[in-house]
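Examining the three-dimensional arrangement
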Amino acid sequence: MTAASVKSAEEGRVEPVQSIQYGYGESKTMEGEMEEQIHTKRGLSSRQLQLLAIGGCIGTGLFVGAGSVLSTVGPAPLLMSYIVMSSVVWFVMNMLGEMTTYLPVRGISVPYLIGRFTEPTIGFAAGYNYWYSFAMLLATEVTAAGLIIDYWNTGVNVGVWIAIVLVVILALNIISVSWYGESEFWFATLKILAIIGLIILGVVLFFGGGPNHDRLGFRYWQDPGAFNPYLVPGNTGKFLGFWTAFIKSGFSFIFSPELITTAAGEVEAPRRNIPKATKRFIYRVFAFYILGSLVIGVTVAYNDPSLTAAVNSGGSGAGASPFVVAIENAGIGGLNHVVNAAILISAWSSGNAWCYAGSRTLYSLAGEGQAPKIFLKCNRNGVPYVAVLATWLIGILSFLNLSSSGETVFYWFTNITTVGGFINWVLIGIAYLRFRKAMNFHGLLDTLPFKTPLQPYGTYYVIFIVSLLTLTNGYAVFFPGRFTASDFLVSYIVIAIFLALYTGHKIWYRTPWMTKVSEIDIFSGKEEIDRLCENDFERVPRNWLERIWWWIA
């Protein structure tokens, strides 16, 4: 057992012996020598964590990617897929919220929790799966930002914009975590204001309040229709349309619940702020994604020529955004440029968040002895700058989009991240179930500082649904005349990568198949967190304005 738990017969309680495992077989206390290597700081405030949680979730997947889904399958599958995926994300968020609130130690990451509550090899494979996925998402959002700027026909090579976006992201991540937190707070605030404004605009257009006074209603749900049957006609085609939208909706949501856990080791008052962020997350997802997808479906037809042309040309910029198409169709002059600016901020913000998440994942892997110790190095502001640089360098792959051959390679890297996220959500579910078993074994399940509803049944639901999504994400390639080697690899190569990481580590280190429930470490670091949070009390709002602000942020 990594951290010994000594039962006191006299008092009938469990006393934690505070230690943490780094590598395999080498145990060191949280204080002392490891303190010299691990030196991140709790520089994220409550308001920054709240906005980080939802801000990282709102990216080009909603503003632009939803247009591709709408064009392919129609408005009803788009809306239904976001509703069902929101339920999955809610349970994933709750699982992480419980585990993270219990143990928000410095250097925490989702792979750390997975490895701690399952076994080291699974944690290793999940860790690198997370790291390269975060790095690929950084490259995805940076490329999107460059193309969004190009919407204004600046005449400047898109590579220049990509370079500028990359440099700013590096600066915000490498100077201080408070710089990152503050920038992400304002980025996320602007994104939220933008999506709220677009939802209000959709309602106005729905009732005919646009310049042309054309009352849209549910016109486009009737003609051309709510469903665009996919692959085959009839009800089967409609179901396949929903399932395709369900799979593709994963890109909009993937990895967003993990951002709270990633930031937990650097947030103030974690036992108070993490549950708050967790509980509010789902309401914001519902408001922005579900209402946003409904607005998209009622303001743009799935066969709209502008949308279809942009999607068929592989557009990832603002021209492929259904919001921009709706504004142009309504004849609202100039607003498309405002929306384009909002989409640019969204892409820039998401790239910022993925760089942060990737660097902290690599930092956590190094802390567990699963990556070189050089990634533990921090600057005087508590930023693991070597890990930041390593993650940021992968973002340079965004320049692949400047060549036609590079676009194909880049498409590969960016699309496998969704499947990688699905795999890790399944692992989160397994880790959570074992966490509950370990807590129950020690008689501590009822003492959890934060408990969420419908557990463990919500976890079983996530494992079942997400496993199906992982295995069927490339189902379309098996239809007659649709099979290509590249599409097959894009859909399933990440599974092979994960299995290769798992098998290689298992053979090299000969780790046990699965840590016994009785030996799962639920004590290391807990005493330190208990001391940190024992005198933490939330201030009472002084007036109704402060109460509203605290509810929002």
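Residues numbered from 1 in each chain as written. Predicted model: local features only at pLDDT ≥ 70, side-chain atom pairs only at ≥ 80, totals over all residues. Heavy atoms only, no water.

Thoughts on the nonpolar core
- If you look at the biggest cluster of nonpolar residues, it comprises 149 residues, and the most contacted ones within it are M85, I114, W425 and I428.
- For this core, the leading source of residues is helix α6 (residues 120-149), giving 16 residues.
- Sequence-distant contacts of M85, that is, excluding residues within four places in its chain, are made with F246, S249, G250, F253, F422, W425 and L469. (Core = buried A, V, L, I, M, F, W, Y, C linked by side-chain atoms within 4.5 Å. Buried < 20%, exposed > 50% of the residue type's maximum accessible area, 1.4 Å probe, protein only. Helix = DSSP H or I, 4+ residues; strand = E, 2+ residues; numbered from the N terminus. Contact = heavy atoms within 4.5 Å.)

Section: the packing of aromatic side chains
- A full pass over the atoms with the stated rule returns 29 aromatic pairs.
- Relative to F91, the ring of W90 lies with its centre 4.8 Å away and its plane at 50°, an arrangement referred to as tilted.
- The exposure class assigned to W90 is partly exposed, which follows from its relative accessible area of 24%.
- In this structure an aromatic cluster arises from ring pairing among Y102, F117, Y432 and F435. (Phe/Tyr/Trp six-rings, centres within 6.5 Å; stacked < 30°, edge-to-face > 60°.)

Overview of the confidence of the model for the chain
- Chain-level pLDDT for the chain is 82 on average; 83% of the residues reach the 70-or-more range.
- In the predicted structure, residues 1-38 sits below a pLDDT of 50 and forms 80 contacts with residues beyond four places in sequence or in another chain. (pLDDT = per-residue confidence, 0-100.)

Some remarks on a nonpolar patch on the surface
- Together, F478, F483, F488 and L489 make up an exposed nonpolar region whose accessible area comes to about 380 Å².
- Tracing the chain through its elements places L489 in helix α19 (residues 485-509). (Patch = residues over 30% accessible without salt bridge, like charges linked within 9 Å, V, L, I, M, F, W, Y side chains within 5 Å. Areas by Shrake-Rupley, 256 points an atom, 1.4 Å probe, with all protein chains shown as cover. Salt bridge = Lys/Arg side-chain N within 4 Å of Asp/Glu carboxyl O.)

Focus: helix α18 (residues 457-472)
- Taking 1.5 Å per residue as the helical rise, α18 with its 16 residues ought to reach 22 Å, and the 23 Å between its terminal C-alpha atoms agrees with that figure.
- Within the sequence span of α18, burial applies to G458, T459, V462, I463, I465, V466, L469 and T470. (Expected span 1.5 Å × (residues − 1).)

Considering helix α3 (residues 60-73)
- For α3, built from 14 residues, the straight-helix expectation of 20 Å at 1.5 Å per residue is met to within 8% by its first-to-last C-alpha distance of 19 Å.
- The sharpest bend along α3 measures roughly 40° and falls at A66.
- Judged by how many residues are buried, α3 sits mostly within the fold: 12 of 14 residues are covered.
- Taken as a whole, α3 has its buried residues at T60, G61, L62, F63, V64, A66, G67, V69, L70, S71, T72 and V73.
- Where α3 ends, the next residue or the one after it, G74, has phi of about 100°, a positive value. (Bend = angle between axes of the 7 residues up to and from the residue.)

Overview of unusual backbone geometry
- With omega at 15°, the peptide bond leading from D223 into P224 counts as cis.
- Assignment of secondary structure puts P224 in helix α9 (residues 219-225).
- Put simply, Q455 and P456 share a cis peptide bond, and its omega is 10°.
- Residue position: P456 is located in the loop between α17 (404-441) and α18.
- Phi is positive for L454, which is not a glycine, with a value near 60°.
- Note that L454 resides in the loop between α17 and α18.
- Assessed through its relative accessible area of 53%, L454 is described here as exposed.
- The phi torsion at R510 lies on the positive side, around 50°, for a residue other than glycine.
- Residue position: R510 is located in the loop between α19 and α20 (526-533).

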